[in-house]
Amino acid sequence: MSRQLPAVRSPAHLDSRGVTVEYRVLGPLQVLADGEPVVVPAGRGRVLLATLLLRANEFVSVDELVDRLWEGAPPAADRAHKTLQTVVLRLRQALGAANCVRTVSGGYTARVEADQLDLTRFRALVERGEFRAALELWRGPVLADVVSEALHRDDVPPLLEEQVVALERRIDQDLTRDTDVLVPELRSLIRKHPLRETFWAQLMLALHRSNQQAEALAVYEEVRAHLADELGVDPGRRLRDAHRQVLGGEAPAGAVPRQLPAGVPHFVGRERELARLSEMMDTRPGEPVLISAINGIGGVGKTALAVQWAHRQAERFPDGQLYVNLRGFDVQAEPVDPFSVARDFLAALGMNPGEVPKSDDALVAAYRSALAKRRMLLLLDNARDVDQVRPLLPGGAANLVLITSRNRLSGLVAREGAQPVALDVLDEPQAVALLTERFGADRIAAEPEAVRRLVERCAGLPLALGIVAARAAYGDSLTALADELDEERLDALDLDDPTTGIRAVFSWSLRSVSDTAAGVFVLLGLHPGPDFTAIAVASLAALPMTQARRALTELVGGNLVHLGEDGRYTQHDLLRDYAAERAAALPAGVRADALRRMFDHYLHSAHACWQQLSFNIPPTVTGPPAPGVLLDPVRDVDTAWTRFEAERWVLLSAVERAAELGADDFVWRVMHALHGFLSRQGHQREAEHGHRLGLAAAQRLGDFDAQSIMHRRLAATYINSVRHDTAEFHLREAIRCARPGGDVLAEAHLRRGLAFSFDKQGRYAEALDVLAEVHPRIEDHHDSYEVGRHLAAFGRAHLRVGDGARALELCLRAAEKFAETEFNGQDEGPSANQENLGEVYLALGRHAEAIASYERALVGWREMRSASNVADGLILLGTALIAAGDTRRARECLTEARQIIEGALDVEFELHQLDRVRDLLAQAGGEAR
């Protein structure tokens, strides 16, 4: 079986004469034999070799080569063909042991291995997403030393386009890291490619992320004028998206998500299934294609097949690829909630968390609307059942969905017209081909009986074959390995267990690693998944980082653990199940100590992140972690956001596991720390479920303070979901639980929540009453910031009942209290209070003061990167400017607000706010209603 995606190795291929040969076309034409340059004949010899290498392993006819070598004006046919033969002969003689030119009927071909040619390696690296490594293969102008007008006209430009596309993708990756160093590079690129919109958009985002918003907006104006002058067109979508991101003050996201995992490096076989998938798409142009069951048993290679095919088709979906592991068969965690996945996908598409719809129906509608505008490929991996998949099926006819599952998902076939593709185990020739790919044809030929036994023991499962191949890579004889595996299989034999064979492979492979690595593997059976970091493993196993990394490297080498491109580790479901089996047999004390270390690692990490994202809230974790626990420092807000995003599913899974094990203190404290992140990112379902677990844990502990906190967190979640009756119940319960401790700040915080809920329901008098009850007990408290938050809410309540004078007095006092503190920009209190002041001043006709207040509020919203609040703030400021008669500035503010709203994917938000903005623009003379 031939490889469909070549392994990217160092260019060291031995030909039949034992010579290491490499061919280079990504720069001057070069041929190397054992690292030494081979002189290629000048003139037509160079043109011939370059032409053949650019189409390596493809047939090129004599007529085409004659036309190329003589630039379209060849001599008589007989003479030309004979002269071509002479050119070929001289080229072969010059290449000697490095000769790759082969004669085929009617033409010639360059027969080269994938790792011999730099162009093939470049394309393989690009397909895997390793763009920086791919670009490092380019050595200068392509084939600059080959004189051929036709070659540089027809063959070189497409190569240069591939290089530029790879460069764009590399910069997309780099935009998530250090953006300062990108700015000079991108300025150089836009001078070199002035009409390449992607580079302009990337420059805008790089400037924006380097805190140079004004410069980013100036770049947009420059390219808009340039496109209009040169082409008479407006900026395209990528530029418009970048403009909206800069205007909205939001953290810019990559315009095109590319979430596919890296392909399997040694993928063989499956030609029939790959062809079936391609045939489905090619025979249904313009229709969404749902492959419901790339279905089959665990370990059969469903994910590998789906990822392999998806990478091949990725370029047909220019708007990107989305991927999720739905964890449908993970015995240690619940299947992933599809509505949570929809939120994550919307975030990947650029939606600000504040605009994500709260209800499931509105969420799915927004998700499908977003995909209806795009041409995307979705890979929904490891689905449990039809119900888990249906909410994620996109709208629009230009999307393709791949679904893998151990189940057949027949409901999708019947109702949605899905196309099933059943995947069986590898047959013997395919299994042998996989092993041959891993350790060479010579070893296979030398021990055929051992190969047959290994293939038989692995039952055609690629997962098991990969583990066997990893063992064989250390040089042991295949016969010895087969003997060992036979013994392991007999020891593990269970006639009632169909997984005996693969479990024997796991056990046998585990014996080949060090005791430390084997111990780490077993302890990973306690980890909730879905992935983990080296420092988490070091904490779990109480190892120094160097030993933990060494152990993980061993496990990766043995195919027992997988290292992803993001530096995080995962395991196949069957390996996780086996590790959990082994962990269950550990002594109870060993398990308890490891679990405590793991829980402490995640608790202290989450708490450190929460402390960065909160303001003026005392820590709830003050003691040290258990001995052996290691922690990464969380130095700033950006690190906290990144860490929470990376660990979200792990933390939520850990909460589930801790609740099952009765680790109640961990449950409520982690959910308390997670609340701000989950709330701001729109993960309401996870927040509700986790906070309910936290409340139950606090009740089992009999801890009134913890119960009050969890009631408060639940109330905030229900307010965000516009479920005010339920929120009111939890707020009153939180107040009741807080009273035994006598904490007036906690009570005031809860009463503000209750007042906010009443305000949203139009119950203004009740909002005022609930705040008035606590006012005498907090107004003279020493905590200036908390007093400021209370006064701001109390002032708003007076404003709502028509008492503008009292409202102004309270809001001004609140502003004074906020000014007394060193605010970190991560709380909405000061900005919300400035909006209250703006509203009071506007009602009193004090326009200049209203404008100044709204401008101060807007600065705060931009600092918090809250696009929805920025849009609202611009609308409020625009309203005040209209009242003051400054229609020019009003139009500027309202136009910016409209651009932010139009960039939102929440249809309900968009329509409601757009109507409001259009009315105001009409008043400002900027747009007819």
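Definitions and cut-offs
- Residue positions within a chain follow its written sequence, with the count starting from 1.
- Per-residue local features of the predicted model are confined to residues with pLDDT of at least 70, and side-chain atom pairs are confined, for both listing and counting, to 80 or more; whole-chain, interface and lining totals are unaffected and use all residues.
- Side-chain numbers here rest on the full set of heavy atoms in the structure, without hydrogens or water.
- Strands are runs of DSSP state E lasting at least 2 residues, helices are runs of H or I lasting at least 4, and numbering of each runs from the N terminus.
- Relative accessibility decides the category of a residue: with a 1.4 Å probe and only protein chains considered, values under 20% of the type maximum give buried, values over 50% give exposed, and everything between is partly exposed.
- Any two residues whose heavy atoms approach within 4.5 Å are treated as being in contact.
- All accessible-area figures derive from a Shrake-Rupley calculation using a 1.4 Å probe, and residue coverage is judged against the displayed protein chains alone.
- With axes taken as lines fitted to C-alpha atoms, and helix axes fitted only over the stretch in contact, angles between N-to-C directions fall between 0 and 180 degrees.
- Should an angle fall under 35 degrees it is taken as roughly parallel, and over 145 as roughly antiparallel, whereas 65 to 115 is taken as roughly perpendicular and any remaining angle as oblique.
- A crossing counts as left-handed when the near helix is turned anticlockwise from the far one by less than a right angle, and as right-handed when that turn is clockwise.
- Here the nonpolar group is Ala, Val, Leu, Ile, Met, Phe, Trp, Tyr, Cys and Pro; Asp, Glu, Lys and Arg are the charged ones; every other residue, Gly included, is treated as polar.
- Patch membership is restricted to residues that have no salt bridge and whose relative accessible area is over 30%. Joining uses 9 Å for like charges and 5 Å for the nonpolar side chains Val, Leu, Ile, Met, Phe, Trp and Tyr.
- Salt bridges, as used here, are contacts in which a Lys or Arg side-chain nitrogen is within 4 Å of a carboxyl oxygen on Asp or Glu.
- Counting of polar contacts relies on pairs of N or O atoms within 3.5 Å, with two restrictions inside protein: one atom must be capable of donating a hydrogen and the other of accepting it, and residues adjacent in sequence are counted only when both atoms are side-chain atoms.
- The span you would expect from a helix comes to 1.5 Å times its residue count less one.
- The seven residues ending at a residue and the seven starting there each receive a fitted axis; the angle between those axes is the bend at that residue.
- Take the buried residues of types Ala, Val, Leu, Ile, Met, Phe, Trp, Tyr and Cys, join any two whose side-chain atoms come within 4.5 Å, and each joined set is a nonpolar core.
- Here, a strand pair is defined by DSSP locating no fewer than two bridges between the strands.

J.: So what exactly am I meant to see when it comes to the overall build of the chain here?
T.: Each helix and strand counted, the chain has 42 helices and 14 strands in total. The proportion of buried residues among the 929 residues of the chain is 54%. For the chain, restricting intrachain contacts to residue pairs at least 6 apart in sequence, the fraction spanning at least 24 positions comes to 68%. Looking at the chain as shown, the accessible area adds up to about 38700 Å², and 51% of this sits on carbon and sulfur atoms.

J.: Please clarify how helix α4 (residues 118–127) should be interpreted in this entry.
T.: Extensive coverage of α4 is indicated by the burial of seven of its ten residues. Of the residues making up α4, those classed as buried are Asp118, Leu119, Arg121, Phe122, Ala124, Leu125 and Val126. Of the surrounding elements, those touching the buried residues of α4 are β2 (20–24), α1 (44–54), α5 (131–135) and α6 (149–174). Among the residues trailing α4, glycine 129 stands out with phi positive, at a value near 85°.

J.: Looking at this structure, I do not really get the packing of helix α7 (residues 182–192) against helix α8 (residues 197–209). What am I missing?
T.: A packed helix pair is summarised by two numbers, namely the angle formed by the two axes and the spacing between the axes. It is the contact of α7 with α8, at a shortest axis distance of 9 Å, that shows an interaxial angle of 155°. Classified by the angle between their axes, α7 and α8 sit roughly antiparallel to one another. Where α7 crosses over α8, the two elements pack in a sense that is left-handed. The residues of α8 that touch α7, namely those facing Leu182, Val183, Leu186, Arg187, Leu189 and Ile190, are Phe199, Trp200, Gln202, Leu203, Ala206 and Leu207. Classifying every residue of the contact of α7 with α8 gives ten nonpolar, one polar and one charged.

J.: Quick question: what am I supposed to make of a nonpolar patch on the surface here?
T.: Together, Leu195, Leu231 and Val233 make up a nonpolar patch on the protein surface, roughly 250 Å² of accessible area in all. Mapped onto the elements of the fold, valine 233 is located in the loop between α9 (213–230) and α10 (237–248). A residue is classified by how much of its surface remains accessible, and valine 233, at 36% relative accessible area, is partly exposed.

J.: Sorry, what's going on with the side chain of histidine 724 here?
T.: Inspection of the secondary structure puts histidine 724 in helix α32 (residues 724–738). Of note is the side chain of histidine 724, whose polar atom sits 3.1 Å from the side chain of serine 757. Contact partners of histidine 724, with chain neighbours within four places excluded, come to Ile719, Ser757, Lys760 and Gln761.

J.: Help me out: how do you make sense of helix α29 (residues 664–680) in this one?
T.: Given a rise of 1.5 Å per residue, 17 residues ought to cover 24 Å, and the 25 Å separating the end C-alpha atoms of α29 matches this to within 8%. Largest kink in α29: about 45°, centred on leucine 674. Taking burial as the measure, the 17 residues of α29 include 13 buried ones, the bulk of the element. Positive phi appears at glycine 682, one or two residues downstream of α29, with a value of about 80°.

J.: I would appreciate a short explanation of the nonpolar core in the present structure.
T.: Side chains that are nonpolar tend, in soluble globular proteins, to be buried together. Counting residues in hydrophobic clusters, the biggest one holds 146 residues, and the most contacted among them are Leu402, Phe521, Phe644, Phe666 and Leu674. Those residues within four positions of phenylalanine 521 in sequence are excluded, and the remaining contacts are Leu510, Leu555, Leu560, Gln571, Leu575, Tyr578 and Ala579. Judged by nonpolar contacts, the second largest core, of 78 residues, contains Tyr23, Ala33, Leu167 and Leu182.

J.: For this particular structure, what's the right way to read the pattern of salt bridges?
T.: Side chains that differ in charge, positive against negative, can pair when their charged atoms come close. Applying the stated rule across the entire model yields 42 salt bridges. We note a salt bridge from aspartate 483 to arginine 453, for which the minimum N-O separation is 2.5 Å. Residue aspartate 483 is found in helix α21 (residues 478–491), and its partner arginine 453 is found in helix α19 (residues 448–457); the two are separated by 30 residues along the sequence. On the accessibility criterion, aspartate 483 (35% relative accessible area) is partly exposed. With its nearest N and O atoms 3.9 Å apart, the salt bridge here joins arginine 648 to glutamate 645.

J.: Explain the pairing of strand β7 (residues 107–110) here, please?
T.: On any regular strand, side chains alternate: one points to one face of the sheet, the next to the other face. Burial along β7 is two-sided: Gly107 and Thr109 and Tyr108 and Ala110, pointing in opposite directions, are all buried. Sheet topology note: the strand β6 (residues 101–104)/β7 ladder contains four bridges and is antiparallel. Paired with arginine 102 across the bridge in β7 is threonine 109.

J.: Is there a simple way to think about the sheet that holds strand β5 (residues 60–61) in this case?
T.: Strands in a sheet are paired, the pairing made by backbone hydrogen bonds, and the direction either parallel or antiparallel. On the basis of which strands lie adjacent, the open sheet formed by three strands has the order β5-β7-β6 and antiparallel pairing. Two strands in the sheet have a free side with no partner beyond their single neighbour: β5 and β6. α1 contacts β5, β6 and β7 of the sheet and is inclined by roughly 70° relative to β7.

J.: Teacher, can you tell me more about the environment of valine 104 here?
T.: Residue placement: valine 104 occurs in strand β6. Filtering out sequence-adjacent residues up to four positions away, valine 104 remains in contact with Phe59, Thr109 and Arg111.

Any link to function would need more than the numbers given here.
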